[in-house]
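Reading the structure
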Amino acid sequence: MTGNLAHGVSMCLKKCSRCKITKPVTEFYKNKAQRDGLEGWCKDCSKIASRKYYSKSPIRREYEKNYLREYRRAGYGNKADYKTRNIEKILASRAVERALHAGVITKQEVCSECGIKLKVVAHHYKGYQPENWLVVQWLCHKCHMKKHRKLTTGED
Ligand SMILES: [Zn+2]
Ligand SMILES: [Zn+2]
Ligand SMILES: [Zn+2]
């Protein structure tokens, strides 16, 4: 009886075009711009790719350095209050802004959650730590708000 379970799940699998491993669709980020509504690469591959790019780019490293300085000057680490949290957020989005201007990262045209071509914002899905400043997901306002409502950990 229980053997049927795996069978029913097979339709929810997708082969990653990078690592060629077939994984559950939950292991893929959503991207409505794609035919099947999912990114071609699994989450692991996306993470590895962004990390690789990060370590390769000297401009990107320069950004991290500059912003770390600003981050420290802003007093991060001293207080764990709301204001400090806000500083993290502000610096993270400023880092994205500058990286965009310098062409270090590119802005996605559509919301990666609903696929609608709207004004998208950078969502720091990994958090606002300096090493994650440029690790963003592009989302429309609606989806962005939804994400933050889902983050019940007190994030943002
Ligand atoms: Zn993969
Ligand atoms: Zn959206
Ligand atoms: Zn966000």
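Report on the accompanying structure. Each chain carries its own residue numbering, running from 1 in the direction its sequence is written. Here chains are named by letter from A upward and ligands by number from 1 upward, in the order in which they appear as written. Two thresholds apply to this predicted model, a pLDDT of at least 70 for residue-level local features and 80 or more for giving and counting side-chain atom pairs, whereas whole-chain, interface and lining totals are computed over all residues.

**Some thoughts on the overall build of the chain**
The helix and strand labels rest on DSSP assignments: H or I over at least four residues marks a helix, E over at least two residues marks a strand, and numbering proceeds from the N terminus. Counting secondary structure elements, the chain contains five helices and six strands. Its helices and strands in sequence order give the chain the pattern α-β-β-β-β-α-α-α-β-β-α, from N to C terminus. In this scheme every C-beta is placed from the backbone, and a residue whose C-beta has 20 or more other C-beta atoms within 10 Å is buried, one with 12 or fewer is exposed, and one in between is partly exposed. When burial is assessed residue by residue, the chain has 20% of its 156 residues classed as buried. Here the contact rule is simple: place C-beta atoms from the backbone, and any two residues whose C-beta atoms are within 7 Å are in contact. Long-range contacts, defined here as pairs at least 24 residues apart, represent 47% of the contacts in the chain between residues at least 6 apart.

**Structural notes on unusual backbone geometry**
With a phi angle near 65°, Lys-20 is a residue other than glycine that sits in the positive phi range. Relative to the elements of secondary structure, Lys-20 occurs in the loop between strand 1 (13–15) and strand 2 (22–24). Among the residues examined, Lys-20 registers 8 C-beta atoms within 10 Å and is labelled exposed.

**Notes on the nonpolar core**
Judged by nonpolar contacts, the single largest core of 17 residues is most densely connected at Ala-95, Val-96, Cys-111, Leu-134, Val-136, Trp-138 and Leu-139. Put simply, the parts of the chain that give this core at least two residues each are helix 4 (82–102), strand 5 (120–123) and strand 6 (137–140). Tallying contributions element by element places helix 4 first for this core, with four residues. Linking buried Ala, Val, Leu, Ile, Met, Phe, Trp, Tyr and Cys residues through C-beta atoms within 7 Å yields a set, and such a set is a nonpolar core.

**Observations concerning the pairing of strand 6**
Judged by which residues are buried, strand 6 turns out to be covered on both faces: Gln-137 and Leu-139 on one side and Trp-138 and Cys-140 on the other are all buried. Pairing between strands is defined by DSSP: at least two bridges between them are needed. Sheet topology note: the strand 5/strand 6 ladder contains four bridges and is antiparallel. Residue His-123 lies in a different strand from strand 6, and its bridge partner there is Gln-137.

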